[in-house]
Amino acid sequence: SKLENENRFRINFKPAKNKLSISSRTTSQFATTLGIPGVTIADGPSGLRIENVPCTCFPSPFNMGQTWDMGAMVRQGRVFGREMEHYDIDYCLAPALNIHRNPMRSRSYEFYSEDPALAGILGAGFVMGVKRYEGRDVIMKNLATYNQESGAGNVNINVSRRAFGEIYLRSFSVCQYTVKPAGVLLSGNRLNGLYSSSQRGLNTDIIRSDWGFKGFAMSDWGSMSEKAYDLHAGCDLIMPGF
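Residues numbered from 1 in each chain as written. Predicted model: local features only at pLDDT ≥ 70, side-chain atom pairs only at ≥ 80, totals over all residues. Heavy atoms only, no water.

Colleague: Looking at this model, I keep getting lost on the overall build of the protein chain. Mind explaining?
Modeller: Secondary structure summary: the protein chain contains seven helices and nine strands in total. In terms of overall dimensions, the protein chain is globule-like: its C-alpha atoms have a radius of gyration of 18 Å, near the 18 Å expected for 242 residues. Along the first, second and third principal axes, the C-alpha set of the protein chain runs to 50 × 40 × 35 Å. Among the 242 residues that make up the protein chain, the fraction classed as buried is 50%. At a minimum sequence separation of 6, the contacts of the protein chain that also span at least 24 residues come to 69%. (Helix = DSSP H or I, 4+ residues; strand = E, 2+ residues; numbered from the N terminus. Rg over C-alpha atoms; globule rule 2.2 N^0.38 Å. Buried < 20%, exposed > 50% of the residue type's maximum accessible area, 1.4 Å probe, protein only. Contact = heavy atoms within 4.5 Å.)

Colleague: Is there a simple way to explain the sheet that holds strand S2 (residues 40-43) in this structure?
Modeller: Two strands in a sheet stick together by hydrogen bonds in their backbones, pointing the same way (parallel) or opposite ways (antiparallel). Taken together, six strands build an open sheet; the order of strands is S1-S2-S3-S4-S6-S9 and the sheet is mixed. This sheet does not close on itself; its edge strands, each paired only once, are strand S1 (24-25) and strand S9 (216-218). (Pairing = 2+ DSSP bridges.)

Colleague: I keep staring at the packing of helix H4 (residues 161-168) against helix H5 (residues 170-179) and nothing clicks. Help me out?
Modeller: To characterise two packed helices, one gives the angle between the axes of the helices and the distance between these axes. Relative to each other, H4 and H5 sit at 45 degrees, their axes nearing to 5 Å. In terms of axis orientation, H4 runs oblique to H5. Only Arg170, Ser171 and Phe172 of H5 make contact with H4, whose side of the interface consists of Gly165, Glu166, Ile167 and Tyr168. Across the contact of H4 with H5, the residue classes break down as three nonpolar, two polar and two charged. (Axes fitted to C-alpha atoms, helices over the stretch in contact; angles between N-to-C directions. Parallel < 35°, antiparallel > 145°, perpendicular 65-115°, else oblique. Nonpolar A, V, L, I, M, F, W, Y, C, P; charged D, E, K, R; others polar.)

Colleague: Any chance you could explain the pairing of strand S6 (residues 183-186) here in plain terms?
Modeller: Look at any regular strand and the pattern is simple: side chains alternate between the two faces of the sheet. Residues of S6 alternate between two faces, with Gly183 and Leu185 on one and Val184 and Leu186 on the opposite face, all of them buried. The pairing of strand S4 (residues 137-143) with S6 spans four bridges and is parallel. Among the inter-strand pairings, Ile139 is bridged to a residue of S6, identified as Gly183. Where S6 meets S9, three bridges bridge the pair, whose relative direction is parallel. Across the sheet, Leu185 pairs through a bridge with Met218, a residue of S9.

Colleague: Mind showing me how you'd approach the sheet that holds strand S5 (residues 156-157) here?
Modeller: The strand order across the open sheet built from three strands is S5-S7-S8, with neighbouring strands paired in mixed fashion. Only two strands of the sheet have a single partner each, and these edge strands are S5 and strand S8 (194-195). Here two bridges tie S5 to strand S7 (residues 190-191), and the two strands are oriented parallel to one another. By the bridge assignment for S7, Asn156 is matched with Arg190.

Colleague: I tried to follow helix H3 (residues 116-131) on my own but got confused; where do I start?
Modeller: Since there are 3.6 residues in each turn of an α-helix, residues three or four apart along the chain are aligned in direction. Between its first and last C-alpha, H3 extends 22 Å over 16 residues, near the 22 Å set by a 1.5 Å rise per residue. With respect to burial, H3 is a largely interior element, 12 of its 16 residues being buried. Among the residues making up H3, those that are buried are Pro116, Leu118, Ala119, Gly120, Leu122, Gly123, Ala124, Gly125, Phe126, Val127, Gly129 and Val130. The secondary structure elements touched by the buried residues of H3 are helix H1 (61-64), helix H2 (70-87), strand S3 (91-93), S4, H4 and H5. Of the residues flanking the start of H3, the one acting as N-cap is Asp115, its side-chain oxygen 3.0 Å from the backbone nitrogen of Ala117. (Expected span 1.5 Å × (residues − 1). Polar contact = N/O pair within 3.5 Å; in protein donor to acceptor, adjacent residues only side chain to side chain.)

Colleague: For this particular structure, what's the right way to read the pattern of salt bridges?
Modeller: Side chains that differ in charge, positive against negative, can pair when their charged atoms come close. The final tally for this structure, using the stated rule, is seven salt bridges. Ionic pairing is found between Arg208 and Asp236, a salt bridge with its closest N-O pair at 2.6 Å. Note that Arg208 is positioned in helix H6 (residues 200-210) and Asp236 in the segment after helix H7 (227-233), a separation of 28 residues in sequence. Within the structure, one salt-bridge network assembled from shared partners comprises Asp43, Arg49 and Lys141. (Salt bridge = Lys/Arg side-chain N within 4 Å of Asp/Glu carboxyl O.)

Colleague: Mind showing me how you'd approach the nonpolar core here?
Modeller: It is characteristic of soluble globular proteins that their nonpolar side chains tend to be buried jointly. With 46 residues, the main nonpolar core has Leu48, Phe126, Leu143 and Phe164 as its most contacted residues. Residue assignment for this core shows that the elements contributing at least two residues are H2, H3, S4, H4, H5, S6 and H6. When residues in this core are grouped by element, the largest group, seven residues, is from H3. In this structure, Phe126 is in contact with Met73, Val74, Gln76, Gly77, Phe80, Cys92, Ala94, Pro95, Tyr112 and Val138, ignoring residues within four places of it in sequence. Ranked by size, the runner-up nonpolar core spans 10 residues in total, among them Val39, Ile41, Met218 and Met239. (Core = buried A, V, L, I, M, F, W, Y, C linked by side-chain atoms within 4.5 Å.)

Here you go:
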């Protein structure tokens with residue numbers, strides 16, 4: 001059970017103080033000393049997820065993927081960005097660019113297509129729309145192989161090098177080359193035996209050295225990885241959980 005002890009932080013962490021109940025927010029205490037501003041992050045991708053606040057429910061990525069219409073994605077992103085500006089949200093956890101092998105999975109509607117090029121292009125259109133609003137940006141998710149129904153946080157996905165590059169990474173690389181999103185949310189599962197957030201080959205060699213990614217990489221909520229390994233691998237932000 002949780003131990004009741006004195007709070008050593010001289011900070012009020014109560015959500016009521018911060019008005020909106022969203023996925024996460026970072027501290028502002030380093031804004032003047034280190035130049036690191038506090039930011040707010042809300043979940044997506046079918047609309048902002050803010051508890052007890054009415055937000056627009058957009059057509060799901062699963063539906064939008066069937067339009068093959070990048071222009072429609074840009075327009076959707078613009079409305080999304082306008083709502084982010086209204087609620088003062090800096091980053092949204094979208095677009096979701098995973099390749100799902102089971103269309104009956106409960107979260108399959110969050111993803112665009114089994115075609116990685118189509119998913120990457122439509123996701124890039126969404127990002128273009130969001131970026132029309134100054135200071136608003138996205139965190140694409142979940143890199144990579146987040147693709148099953150149960151036990152997603154502890155499953156070990158075994159995949160060949162070719163399938164990984166041509167299928168599972170392609171949608172993310174297409175989006176990155178096209179619009180340069182601010183961040184990427186890593187999957188919580190293991191990939192060929194090692195948690196994705198702990199893979200230096202993925203978080204440093206591929207997305208930064210090969211793709212030229214300049215943003216931040218963050219672990220998923222509830223990730224069961226060893227956090228020291230995550231930081232060494234190039235995971236910049238550790239989210240709460242295990």
